[in-house]
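Observations on the three-dimensional arrangement
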Amino acid sequence: MPTQKITREMIVEAAFELAREQGMEAVQVKAVAAALGCSVQPVYGYCGSMEGLKELVTERAGRELREYVEARLDPADRFASLGRAYAAFAKEEPHLYRLWFLRPRPQAASLGAIFEAEGDPAVPGLLAQQLGISREKATALYFQMMIFNAGLSFMLTALGENTDAAEVQRLQNSALAAFSAAARQEERE
């Protein structure tokens, strides 16, 4: 019987599935090889090191998150649907959520740097128009909600299936209302 040719993509996908199901701790050369039914040689041959493989798995998790969120964005309410999509991803894919959001960011020296690198640049303009506030206030509001949603979503990774989606939406709506009211008040002052 001919042997199956193992590709780099197969290795990354097998490692990604291990990370998805059990967390990055489960991504070990022997576990990936076992999932593929091969020796460890192809894994080392294509990825060079565990660090290299883990970087590829992290990139794959980021693509999965972006696709998940994009599929759930409501063009009529991009801001609120973005927060809901991140929360749903945290609930449904807790290992991938932690993997992506807890990854080291050596280039970022502050929360603001992470916000600049990873925030959606279209959101402040949409918020400014929707709420009748300046772009500066809308950017600050988006930053506050990003931090709020990150904290809420981390909590959801612990709750998983026990999460009450209606409660999450109420919390997000309440935070948005409070942050929006503060931004409007500051705008008037």
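This text follows the structure it describes.
I will try to describe carefully the structure that is included in this document.

With respect to the overall build of the protein chain
Across its full length, the protein chain holds 10 helices and zero strands. In terms of its C-alpha atoms, the protein chain occupies a principal-axis envelope of roughly 75 × 35 × 25 Å. Within the protein chain, buried positions represent 39% of all 189 residues. Taken as a whole, the protein chain presents about 10700 Å² of accessible surface, with 55% of it coming from carbon and sulfur. Positive and negative side-chain charges in the protein chain, numbering 20 and 25 respectively, have mean positions lying 2 Å apart.

A closer look at the packing of helix α5 (residues 78-92) against helix α9 (residues 135-159)
Helices that pack against each other are described as a pair by the angle of their axes relative to one another and the distance between those axes. Following both chains from N to C, one finds α5 and α9 inclined at 20 degrees, their axes separated by 8 Å at the closest point. Our classification of the angle between α5 and α9 gives roughly parallel. Between α5 and α9 lies a crossing whose hand is right-handed. Contacts from Phe79, Leu82, Gly83, Tyr86, Ala87, Ala90 and Lys91 of α5 reach α9 at Tyr142, Met145, Asn149, Ser153, Leu156 and Thr157. For the contact of α5 with α9, the class distribution of residues is eight nonpolar, four polar and one charged.

Comments concerning the packing of aromatic side chains
Two aromatic rings, taken as a pair, are described by how far apart their centres are and by the angle between their planes. Scanning the entire structure with this criterion turns up seven aromatic pairs. Ring geometry for Tyr97 against Phe101: centres 4.4 Å apart, planes inclined by 35 degrees, an arrangement best described as tilted. A residue pair is termed a helical-turn pair when its members lie 3 or 4 positions apart in one helix, as Tyr97 and Phe101 do in helix α6 (residues 94-101) at four residues. This pair shows no difference in class: Tyr97 is buried, exactly as Phe101 is. Relative to Phe154, the ring of Tyr97 has its centre 5.4 Å away and its plane inclined at 80 degrees; by these criteria the two rings are edge-to-face. In this pair, Tyr97 is assigned in helix α6 and Phe154 in helix α9, connecting sequence segments 57 residues apart. You can call Phe154 partly exposed: its relative accessible area is 29%. Taken together, Phe79, Phe115, Tyr142 and Phe143 form an aromatic cluster joined through their ring pairs. Over the ring of Phe16 we find Arg60; its NZ or CZ atom is 4.0 Å from the centre of that ring. Positioned over the ring face of Trp100 is Arg103, at 3.6 Å from the centre of the ring.

Thoughts on the packing of helix α1 (residues 8-22) against helix α2 (residues 29-36)
Look at α1 against α2: their axes get within 9 Å of each other, and the N-to-C directions meet at 110 degrees. Taken as axis vectors, α1 and α2 run roughly perpendicular relative to one another. Of α2, the residues touching α1 (which contributes Met10, Ile11, Ala14, Ala15 and Leu18) are Ala31, Val32, Ala35 and Leu36. Residues that form the contact of α1 with α2 fall into these classes: nine nonpolar, no polar and no charged.

Description of the environment of Lys91
Mapping Lys91 onto the fold places it in helix α5. C-alpha separation for the pair Lys91 and Glu161, spaced 70 residues apart in sequence, amounts to 6.5 Å. Excluding residues that lie within four positions of it along the chain, Lys91 makes contacts with Leu156, Gly160, Glu161 and Thr163.

A closer look at the environment of Leu176
The topology assignment puts Leu176 in helix α10 (residues 165-188). Distance in space between the C-alpha atoms of Leu176 and Asp77 is 13 Å, their sequence separation being 99 residues. Those residues in contact with Leu176 that lie beyond four places of it in its chain are Phe79, Leu141 and Met145.

About the thresholds
Residues numbered from 1 in each chain as written. Predicted model: local features only at pLDDT ≥ 70, side-chain atom pairs only at ≥ 80, totals over all residues. Heavy atoms only, no water. Helix = DSSP H or I, 4+ residues; strand = E, 2+ residues; numbered from the N terminus. Buried < 20%, exposed > 50% of the residue type's maximum accessible area, 1.4 Å probe, protein only. Areas by Shrake-Rupley, 256 points an atom, 1.4 Å probe, with all protein chains shown as cover. Lys, Arg positive; Asp, Glu negative; His and termini not counted. Charge placed at Lys NZ, Arg CZ, Asp CG, Glu CD. Axes fitted to C-alpha atoms, helices over the stretch in contact; angles between N-to-C directions. Parallel < 35°, antiparallel > 145°, perpendicular 65-115°, else oblique. Left-handed = near helix turned anticlockwise from the far one by under 90°. Contact = heavy atoms within 4.5 Å. Nonpolar A, V, L, I, M, F, W, Y, C, P; charged D, E, K, R; others polar. Phe/Tyr/Trp six-rings, centres within 6.5 Å; stacked < 30°, edge-to-face > 60°. Lys NZ or Arg CZ within 6 Å of the ring centre and 35° of its normal.

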